[in-house]
Number of protein chains: 2
Amino acid sequence: SAQVRCAFAASRRISAEALKPLDTFPRRHISPTAEDQAAMAKTCGFDSVDALVDATVPPSIRLEKSLDLGKYTTGFAESEMLENFKAMASKNEVKRSFIGMGYYNTFTPTVILRNILENPGWYTQYTPYQAEIAQGRLESLLNYQTMVSDLTGLPMANASLLDEATAAAEAMGMCSNIVRGKRKKFFIASNCHPQTIAVCETRADGLGMEVVVGNPAEIDYSGKDYCGILLQYPGTDGAIEDYESVIKVAHDNNAKVVMATDLLALTMLTPPGELGADIAVGSAQRFGVPMGYGGPHAAFLATSFDYKRLMPGRIIGISVDSQGNPCLRMAMQTREQHIRRDKATSNICTAQALLANMAAMYGVYHGPEGLKSIAERTHGLAAVFAAGVEKLGAGKVGSAPFFDTVKVDCGPGKAVGIAKAAEAKGMNLRVLDANTITVAFDETTKLSDVDDLFAAFSGKAAPFTAESLAAAVDTTLPSNFVRQSKYLTHPIFNMYHSEHEMLRYLSKLQSKDLSLCHSMIALGSCTMKLNATSEMIPITWPELANIHPFAPVDQAKGYEEMFKDLATMLCEITGFDSVSLQPNAGAAGEYAGLMAIRAYHQVGLTSPGYIGADVCHLNLHKTFCIPHGGGGPGMGPIGVKKHLAPFLPSHPVIPTGGLPATASQNSFGVVSAAPWGSALILPISFMYIAMMGSKGLTEASKVAILNANYMASRLEKHYPILFRGKNGTCAHEFIIDLRNYKNTAGIEPEDVAKRLIDYGFHAPTMSWPVPGTLMVEPTESESKAELDRFCDAMIAIRQEIKFIEDKVYDKTNNMLKNAPHTAEMVISDSWDKKYARELGAFPLHWVKDAKFWPSTGRVDNVYGDRHLITTLQPAEAPVEKVA
Amino acid sequence: SAQVRCAFAASRRISAEALKPLDTFPRRHISPTAEDQAAMAKTCGFDSVDALVDATVPPSIRLEKSLDLGKYTTGFAESEMLENFKAMASKNEVKRSFIGMGYYNTFTPTVILRNILENPGWYTQYTPYQAEIAQGRLESLLNYQTMVSDLTGLPMANASLLDEATAAAEAMGMCSNIVRGKRKKFFIASNCHPQTIAVCETRADGLGMEVVVGNPAEIDYSGKDYCGILLQYPGTDGAIEDYESVIKVAHDNNAKVVMATDLLALTMLTPPGELGADIAVGSAQRFGVPMGYGGPHAAFLATSFDYKRLMPGRIIGISVDSQGNPCLRMAMQTREQHIRRDKATSNICTAQALLANMAAMYGVYHGPEGLKSIAERTHGLAAVFAAGVEKLGAGKVGSAPFFDTVKVDCGPGKAVGIAKAAEAKGMNLRVLDANTITVAFDETTKLSDVDDLFAAFSGKAAPFTAESLAAAVDTTLPSNFVRQSKYLTHPIFNMYHSEHEMLRYLSKLQSKDLSLCHSMIALGSCTMKLNATSEMIPITWPELANIHPFAPVDQAKGYEEMFKDLATMLCEITGFDSVSLQPNAGAAGEYAGLMAIRAYHQVGLTSPGYIGADVCHLNLHKTFCIPHGGGGPGMGPIGVKKHLAPFLPSHPVIPTGGLPATASQNSFGVVSAAPWGSALILPISFMYIAMMGSKGLTEASKVAILNANYMASRLEKHYPILFRGKNGTCAHEFIIDLRNYKNTAGIEPEDVAKRLIDYGFHAPTMSWPVPGTLMVEPTESESKAELDRFCDAMIAIRQEIKFIEDKVYDKTNNMLKNAPHTAEMVISDSWDKKYARELGAFPLHWVKDAKFWPSTGRVDNVYGDRHLITTLQPAEAPVEKVA
Ligand SMILES: Cc1ncc(COP(=O)(O)O)c(C=O)c1O
Ligand SMILES: Cc1ncc(COP(=O)(O)O)c(C=O)c1O
Ligand SMILES: O=C([O-])O
């Protein structure tokens with residue numbers, strides 16, 4: 001081999017530190033570089049970032065010690081943490097679930113999995129308050145509403161609620177509101193899911209109502225105190241009951257009827273609307289959304305237009321834009337923020353938009369015939385199982401009609417043994433009582449699974465196969481239950497059935513929505529930081545995605561470990577002693593906190609000030625990186641001080657409580673359908689914290705403060721900035737005051753918000769907490785370059801306002817009032833604006849590089865609310881043009 | 001429970017058939033519905049699809065029996081097949097690889113994994129022949145070229161070649177071409193990778209050249225017959241040789257110097273260009289592209305501008321557009337098709353665009369400092385290992401400098417035993433000879449791996465840890481090898497280092513590229529059918545992605561089974577007896593076929609007619625759904641008749657041959673670096689066939705024919721259609737004749753192609769095989785609605801031409817000549833066209849719905865070729881504007 005005759009460079013040793021993995025996370029998550037940070041601090045008038053932070057966060061509230069996050073303290077590298085977490089997740093055992101109870105296995109069509117759930121173009125958007133740059137999601141959510149409305153047979157649906165149980169509680173609240181709170185009792189049929197009953201009971205407690213559980217054929221209306229009743233259709237045990245007379249009697253007694261139902265079953269069964277129900281609720285989970293150990297999933301509520309003003313959650317409606325073209329937006333919700341405390345009586349902020357989109361697309365992809373086939377096959381498998389189990393002599397099924405869930409009387413004391421035998425074969429059944437098992441089927445069940453069930457029930461291989469039995473099994477339903485009406489007749493549900501058509505539909509809708517993939521979304525108080533890929537990857541691992549929330553807990557050891565580690569870290573970070581992971585939205589967390597305090601004091605409501613000290617609600621979908629998903633999912637765990645820990649939420653099926661676990665428990669009740677809320681998204685926050693480590697989290701906070709102050713420093717030369725501290729700095733957000741421009745130029749905050757769209761930006765939070773202002777929160781994941789672009793846009797807009805003030809631009813026909821400008825508008829041959837087209841669409845040179853075009857002109861909210869339309873319309877009946 | 005007192009509907013039984021899984025694939029892949037198909041056949045003048053197919057495919061060549069695909073005959077449902085294949089893939093054992101030899105473990109940054117490799121917006125594009133709608137990929141490929149050029153120290157690089165070995169063979173061909181074939185010998189240093197030597201030998205054989213392998217210090221130039229020499233830097237055994245005098249001597253003897261090199265090493269080592277090499281080749285695999293059991297990966301070739309006309313593969317260059325703005329396009333390749341047989345001497349069609357994009361983005365994400373840190377850490381781990389293994393007395397390392405690969409003399413006959421011990425601990429080493437092992441490190445190696453290696457080498461746990469050793473280890477390289485020059489100084493490599501910046505950069509580039517996510521890409525002879533998600537999912541499973549191509553074959557049982565099943569099905573489908581999976585592009589397949597025939601006849605070249613009968617090359621990236629990836633990867637397996645089977649390609653490291661395996665073997669040689677070519681993409685075709693099943697494949701062919709005939713039927717009323725069969729039908733593609741419009745309206749095919757962009761479409765194949773025409777292949781995955789849109793666009797364009805013919809539109813200033821129209825053009829205040837802006841950008845009403853905007857005006861190819869620029873330019877030195 002060649003001669004090495006060369007001099008050696010100066011001897012160089014490598015440190016063990018330099019041999020640690022290099023794919024560390026904080027430097028990827030926190031965008032400003034060290035040089036940027038130094039320069040930005042200087043712009044703010046400080047020598048260093050630390051000097052700025054010292055001036056901003058007073059020593060009195062400053063945490064001096066660094067966070068002890070146990071083994072996560074130093075922060076794992078991305079590849080390491082993915083490996084670690086994979087090992088942890090693998091401690092979960094994924095068994096086939098036949099548990100039912102509102103949660104079913106489902107196939108997520110892979111085109112939907114990849115292009116929605118795993119796609120930042122769909123999961124990083126904010127709630128569609130800026131309708132002009134959210135028409136894609138809005139169309140999909142309108143599809144969701146239409147699908148729910150068609151299937152339930154009720155004209156108006158929302159998009160969406162948190163879970164079936166809270167949807168039932170919302171419906172209960174509506175029933176009470178319909179009679180203005182004058183009737184305090186609400187009846188719940190005992191064949192409702194236990195978690196639904198429990199959540200309603202807890203909510204009733206908070207509302208000063210009383211829940212009565214029993215046989216709906218025997219309700220005593222004599223006190224005239226029932227505002228409504230809740231029926232489950234089909235029941236939790238699978239039986240399809242005939243509610244004709246129950247409904248009639250309720251109505252005769254001025255009680256409203258709520259039906260909790262199943263969308264898949266409704267492709268075969270007479271829908272609630274046709275049975276006379278006033279409200280239908282349920283979950284769209286089985287429409288392609290993984291069980292995820294409890295959530296997130298989209299729930300729905302459908303009702304008549306009579307109750308539109310009482311409808312909880314988000315409602316998408318059709319309106320018209322400035323050009324007179326039809327467009328979509330959130331209806332009856334004109335204020336950009338839903339979070340004003342006095343109005344926020346229910347979870348109107350976080351919805352389950354991402355999951356509603358998945359469910360809607362599942363409906364679009366399968367269409368009416370596809371869904372019907374899935375339902376019939378599911379029902380057929382249930383029927384074959386029922387026939388086989390009787391034939392085997394392994395149990396009695398009885399004569400009640402069922403859809404997908406078969407109740408088997410196995411003989412005295414036999415249920416647990418059979419369930420154990422099934423578990424040994426990798427199948428989870430539901431033990432209803434000592435003698436009774438239910439078996440719920442779904443689209444993933446195979447004929448061979450039915451054979452395995454036969455073996456589990458009879459203790460040996462059956463002498464026949466499910467396949468051989470099929471032809472002899474009668475799958476007929478009683479005729480009064482058989483649905484006659486059509487559904488999903490709109491072309492959208494009938495034209496995207498091939499993968500290619502679906503892919504293009506998804507990408508067309510995606511292209512209409514501005515997301516974090518495009519530019520910063522500086523929503524004050526909404527922390528739109530980037531949701532990193534490595535945080536998102538675990539949520540579609542089958543080990544996490546395919547577990548039923550009521551599976552035996554020893555099958556979920558991986559989840560258990562993650563919950564514990566996450567809760568422990570959240571305690572350390574917040575300084576609280578115990579955490580409940582159950583609340584699946586911020587509002588649910590706030591409510592749970594109040595209820596825990598009440599349980600502790602056994603007195604009435606405490607003051608909000610008091611909450612501050614003893615309870616803290618953590619919006620994981622903000623600070624801890626769960627993406628906003630275009631309006632949910634969210635997650636609202638609460639941290640509490642030690643004395644409140646025993647009172648944290650529990651669950652009727654799987655007992656839970658605060659984490660770390662407390663010695664004694666005295667829970668106030670249940671706030672969400674699933675024991676740990678939306679368990680499947682907790683990995684996102686877990687990954688974030690574990691990869692950031694103690695130093696990374698502290699740096700994130702510092703840079704969040706730095707970014708906000710840097711922007712405030714740049715913008716204060718152009719706009720008044722409100723609410724700065726005594727050192728002239730702000731915390732991680734600040735407020736731009738726009739109130740004066742109304743007088744000087746006739747410009748409203750909305751004009752500025754819409755004009756920002758022309759520059760490629762989503763507006764900050766508008767008019768909250770101060771009317772007439774914008775609240776800006778840049779977050780630590782935005783780079784200096786992006787902050788500068790946003791500031792440049794705001795400064796350019798100020799200049800535009802100045803030109804209006806100076807009468808250079810027209811007071812009404814100007815680029816702010818006409819914003820946003822669609823391509824159609826600026827290309828139109830009938831352009832009649834008093835400024836150049838280029839100024840409309842390309843106000844700064846860099847906008848041209850990757851122009852994001854709004855798909856509609858400014859949306860007319862008032863028109864849409866006056867002519868409320870909340871489902872897809874036949875092409876022949878377009879919204880009337882007003883232009 | 002409720003009384004069931006209702007009548008039952010007519011008794012209904014379910015068939016076992018209806019209980020089979022419903023997520024069948026063919027109906028998702030083949031877009032036209034049964035009703036559509038019937039209507040389309042009618043438009044073509046036939047009563048049924050079958051009648052049309054009967055008229056089109058003559059009985060003489062019609063396959064009568066249905067395909068026997070073994071257990072795949074009926075076609076598996078999507079969920080079933082994903083489950084089956086997961087089980088098969090799990091038979092692979094993923095061990096840690098220290099084998100090296102040009103393949104290394106690497107971390108694909110998850111933001112790149114998700115947003116490029118798993119994103120149809122990046123993998124479904126066609127080769128960027130239509131530059132105006134491909135600026136995203138073109139920028140990324142220019143980044144690739146710049147990165148390769150900077151790191152190798154040579155001014156011009158291509159993007160990209162198939163693998164390092166074929167890149168070396170291409171370089172050999174260049175050396176020969178430089179002297180116009182007058183020197184027949186090519187020298188290869190014996191420390192080159194064995195697969196590189198083997199591929200060059202086979203290629204030399206085909207070119208009538210002779211390869212001499214030996215010590216480059218001892219080359220005998222006396223015959224004046226060496227056109228070039230190939231050196232490996234660092235060598236396959238890890239040693240970094242000093243080639244100063246070898247290079248000088250070669251140049252003194254008029255031989256060109258090719259260096260095979262490693263991009264990561266070049267961040268630390270003096271680059272080939274500075275050492276005087278004429279050409280550098282290598283693989284960019286370790287820049288974030290999974291090993292994938294051999295491929296696909298992007299290789300590179302860099303050289304001086306002197307050889308630009310001899311450069312193989314694609315070269316991206318900077319030019320200007322119709323507005324005088326800088327833009328990108330493929331340079332020196334003005335014809336839209338590269339496939340004219342007479343010119344296609346090398347693999348200029350399929351490149352490895354998708355993988356080059358991944359590698360380029362890896363460079364962008366890490367930047368110069370990041371790459372250097374990775375290199376230094378890798379080198380540091382190697383140095384620590386070398387020190388430790390000597391300290392343990394377990395082997396001698398010697399004094400040759402190394403980068404990442406340590407050669408250990410383990411003592412007589414000890415190598416195999418140590419390798420076995422390592423394998424038992426889950427680690428694969430390379431046994432160089434009975435006494436010698438090499439251990440190659442990479443960015444995924446951990447300190448604990450080094451400890452495991454110590455244990456394997458010494459037979460017990462070492463008395464020290466790698467970590468404890470680090471501080472004492474000297475990592476110095478000889479000073480003449482230490483790189484002094486800068487690299488990756490362009491801002492693009494220094495501004496996207498946080499995930500958020502990277503995500504936005506990726507999505508900005510993506511938004512400039514038209515892909516199958518937007519509209520059909522009806523490339524004649526290129527079969528741009530949809531690449532379904534379920535086909536793509538397996539390729540990022542670690543069980544498939546993380547295996548070294550030279551891992552012991554018993555660790556790749558899953559791959560083995562898949563290869564066998566796939567090859568068997570390909571034999572059944574093509575009617576051939578044996579298949580070689582090694583050729584990793586169509587050209588390589590054609591070449592392998594010729595070589596096999598030659599080996600059989602032991603005579604010179606046979607005629608192409610003869611190839612037709614005995615060999616068939618299968619472009620899996622067309623018919624069998626491997627996506628085009630924006631210009632690769634491709635795959636070119638060949639099927640042969642029995643008598644040719646023994647001659648199929650083998651491999652010097654892992655012996656291979658035809659599948660199913662033949663009794664005797666007499667291979668002609670080696671055509672690709674890896675034993676089974678680009679193994680990681682074979683799952684795509686495998687999934688496709690296994691899910692389609694026999695009936696599905698036949699139906700796909702029928703619908704491909706139907707779709708083509710339907711379009712031809714609609715278009716024949718407006719354009720002459722060429723090459724139809726005697727029944728007036730075409731097969732799966734047809735040709736539109738545009739030749740006459742040059743005379744009648746001054747319109748060239750290119751004008752039509754560019755005008756199609758304004759309608760949202762990619763042009764069909766231009767001027768091939770007939771100049772002046774468009775060749776259209778719609779494929780079975782396009783829906784009737786999409787075909788109709790394309791036809792509507794073509795018909796509207798014909799009308800526009802008519803208006804030019806009729807002098808309604810101007811002959812030079814018209815929408816065809818000015819096409820494509822960017823947003824900037826139509827919004828410009830200086831619009832001077834003789835037609836309305838709206839006609840430019842929105843020629844049909846549905847174009848508005850989701851307008852795809854070209855990012856540049858028409859590209860000037862000639863200008864770019866005259867001023868060839870193939871790397872990123874400093875912002876201060878923009879391309880001169882010509883407008
Ligand atoms: C302060 C604040 N709380 C809560 C929310 C909404 O989250 P949730 O509905 O989960 O409380 C938002 C965002 O809209 C918010 O800004
Ligand atoms: C007929 C034909 N062969 C081959 C190719 C290219 O594939 P490959 O380079 O793998 O042969 C193409 C497409 O560009 C083609 O149209
Ligand atoms: O509105 C939110 O989902 O935060």
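Residues numbered from 1 in each chain as written. Chains lettered and ligands numbered in written order. Predicted model: local features only at pLDDT ≥ 70, side-chain atom pairs only at ≥ 80, totals over all residues. Heavy atoms only, no water.

Draft legend 1. The overall build of chain A, seen in detail. A count of helical and extended segments in chain A gives 28 helices and 22 strands. On the principal axes, the C-alpha backbone points of chain A span a range of 85 × 80 × 70 Å. With 883 residues in all, chain A has 66% of them scored as buried. For chain A, restricting intrachain contacts to residue pairs at least 6 apart in sequence, the fraction spanning at least 24 positions comes to 77%. (Helix = DSSP H or I, 4+ residues; strand = E, 2+ residues; numbered from the N terminus. Buried < 20%, exposed > 50% of the residue type's maximum accessible area, 1.4 Å probe, protein only. Contact = heavy atoms within 4.5 Å.)

Draft legend 2. Region of interest: helix α13 (residues 415-424) of chain A. Residues and elements named next belong to chain A. Residues A415, I418, A419 and A422 constitute the buried set of α13. Each buried residue of α13 sits inside an arc of 100° when the element is viewed along its axis, so together they form one side. Residues K420 and A424 are exposed on α13 and point more than 90 degrees away from its buried face. In this structure, the buried residues of α13 make contact with β12 (427-428), β13 (430-433), β14 (436-440) and α14 (447-458). (Arc of directions from axis to C-beta.)

Draft legend 3. Local environment of the packing of aromatic side chains. A full pass over the atoms with the stated rule returns 57 aromatic pairs over all chains. On the numbers, 6.0 Å between centres and 80° between planes, the contact of Y719(A) with Y741(A) is edge-to-face. Highlighted residues: Y719(A) in the loop between α22 (682-715) and β18 (721-722) and Y741(A) in helix α23 (residues 741-745), separated in sequence by 22 residues. There is no split in this pair, since Y719(A) and Y741(A) are both buried. Seen in terms of ring centroids, Y103(B) and F550(B) are 5.6 Å apart; in terms of plane orientation they differ by 80°. Their pairing is edge-to-face. Here Y103(B) is found in the loop between β1 (96-97) and α5 (110-117), whereas its partner F550(B) is found in the loop between α18 (542-545) and α19 (557-574), with 447 residues between them in sequence. The class for Y103(B) is buried, based on a relative accessible area of 6%. Residue classification places F550(B) among the buried residues on the basis of a relative accessible area of 7%. (Phe/Tyr/Trp six-rings, centres within 6.5 Å; stacked < 30°, edge-to-face > 60°.)

Draft legend 4. Geometry of the environment of A466(B). Residue and element names in this part refer to chain B. Position of A466 among the secondary structure elements: in helix α15 (residues 466-470). Note on A466: relative accessible area 0%, which makes it buried. If we skip the residues at most four places from it in the chain, A466 touches V384, L447, V450, D451 and F454.

Draft legend 5. Focus on the relation of the copies chain B and chain A. The operation relating chain B to chain A is a screw motion whose rotation component is 180°, with 0.0 Å of axial translation and a residual RMSD of 0.0 Å. The superposition of one copy onto the other is thereby described by a two-fold rotation axis. Taking C-alpha positions as reference, the residue of chain B nearest the rotation axis is I827(B), located at 2.8 Å. A shared interface surface links the copies, since 100% of the contact residues of chain B are contact residues in chain A too. (Least-squares fit on C-alpha atoms with pLDDT ≥ 70 in both.)

Draft legend 6. Structural detail: the interface of chain B and chain A. Every contact between the two is made by 109 residues of chain B and, on the other side, 109 residues of chain A. Where chain B abuts chain A, roughly 9,100 Å² becomes buried across the two surfaces, and 54% of that area is made up of carbon and sulfur atoms. Contact with chain A buries area across many residues of chain B, yet L19(B), R28(B) and R114(B) alone supply 9% of it, more than any other trio. Counting every contact that joins chain B to chain A gives 16 salt bridges. Note that E786(B) is salt-bridged to R504(A), the shortest N-O span being 3.7 Å. One can count 45 residue pairs in polar contact (both at pLDDT 80 or more) joining chain B with chain A. For the side of chain B that touches chain A, the leading source of residues is helix α12 (residues 353-391) of chain B, giving nine residues. Of the residues assigned to the side of chain B that touches chain A, the class counts are 50 nonpolar, 27 polar and 32 charged. (Buried area = accessible area lost by both parts, 1.4 Å probe. Salt bridge = Lys/Arg side-chain N within 4 Å of Asp/Glu carboxyl O. Polar contact = N/O pair within 3.5 Å; in protein donor to acceptor, adjacent residues only side chain to side chain. Nonpolar A, V, L, I, M, F, W, Y, C, P; charged D, E, K, R; others polar.)

Draft legend 7. Quick look at unusual backbone geometry. With an omega dihedral of 5°, the bond running from G295(A) to P296(A) counts as a cis peptide bond. Along the chain, P296(A) falls in the loop between β7 (279-283) and β8 (299-303). Following A819(A), the chain continues to P820(A) via a peptide bond in cis, the omega torsion being -5°. Inspection of the secondary structure puts P820(A) in the loop between α25 (784-805) and α26 (823-827). Within the chain, Y293(A) stands out as a residue other than glycine whose phi angle is a positive 60°. Here Y293(A) is to be found in the loop between β7 and β8. A positive phi angle is found at R180(B), which is not glycine, with a value near 50°. Of note, R180(B) is situated in the loop between α8 (164-178) and β3 (185-189).

Draft legend 8. Fine view of the confidence of the model for chain A. Residue and element names in this part refer to chain A. Predicted confidence across chain A gives a mean pLDDT of 94, with 95% of residues reaching 70 or more. Overall, residues 1-6 carries pLDDT values under 50, and its contacts beyond four positions in sequence, including any with other chains, amount to twelve contacts. If you check the scores for this complex, the pTM reads 0.97 and the ipTM reads 0.96. (pLDDT = per-residue confidence, 0-100.)

Draft legend 9. Highlighting the sheet that holds β14(A). All names here are of chain A. Ordered by their spatial adjacency, three strands build an open sheet running β11-β14-β13, and the pairing between neighbours is antiparallel. The outermost strands of the open sheet, each flanked by one partner alone, are β11 (405-409) and β13. Strand-to-strand twist in this sheet, taken as the mean axis angle between neighbours without regard to direction, amounts to 30°. Across five bridges, the pairing between β11 and β14 is antiparallel. (Pairing = 2+ DSSP bridges. Axes fitted to C-alpha atoms, helices over the stretch in contact; angles between N-to-C directions.)

Draft legend 10. Focus on the nonpolar core. Residues Y144(A), M361(A), Y559(A), F563(A), Y144(B), M361(B) and F563(B) are the most contacted members of the largest nonpolar core, which totals 390 residues. Excluding residues within four positions of it along the chain, M361(A) makes contact with I112(A), I116(A), W122(A), S140(A), M502(A), Y505(A), L506(A) and L509(A). Core analysis: the second largest hydrophobic core is formed by 117 residues, L706(A), L756(A), I705(B) and M815(B) among them. (Core = buried A, V, L, I, M, F, W, Y, C linked by side-chain atoms within 4.5 Å.)

Draft legend 11. Quick peek at the packing of helix α12 (residues 353-391) of chain A against α14(A). All names here are of chain A. Two elements in contact, α12 and α14, have axes separated by 10 Å at closest approach and are oriented at 25°. Judged by the angle between their axes, α12 and α14 are roughly parallel. For the crossing formed where α12 meets α14, the hand is right-handed. Facing α12, whose interface residues are L381, V384, F385, G388 and V389, α14 presents L447, V450, L453, F454 and F457. (Parallel < 35°, antiparallel > 145°, perpendicular 65-115°, else oblique. Left-handed = near helix turned anticlockwise from the far one by under 90°.)

Draft legend 12. Summary view of the pairing of strand β4 (residues 210-214) of chain A. Residue and element names in this part refer to chain A. Summarising the sheet, strand β3 (residues 185-189) and β4 pair through five bridges and their orientation is parallel. Looking at β4, one finds that F186 is bridged to V211. In this fold, β3 hands off to helix α9 (residues 194-207), which returns the chain to β4; that crossover is right-handed. (Right-handed = clockwise from strand over helix to strand, strands pointing away.)

Draft legend 13. Representation of the sheet that holds strand β16 (residues 615-617) of chain B. Residue and element names in this part refer to chain B. Taken in spatial order, the three strands line up as β15-β17-β16 in an open sheet, and their pairing is antiparallel. The sheet is open, and its two edges are formed by β15 (578-580) and β16, each paired on a single side. Each strand axis lies, on average, 20° off the axis of its neighbour in the sheet, ignoring direction. Judged from the three bridges that link them, β15 and strand β17 (residues 638-640) form a sheet pairing that is antiparallel. Paired with S578 across the two strands is V640, which belongs to β17. Docked against the sheet, helix α20 (residues 586-601) engages β16 and β17, running at close to 170° with respect to β16.

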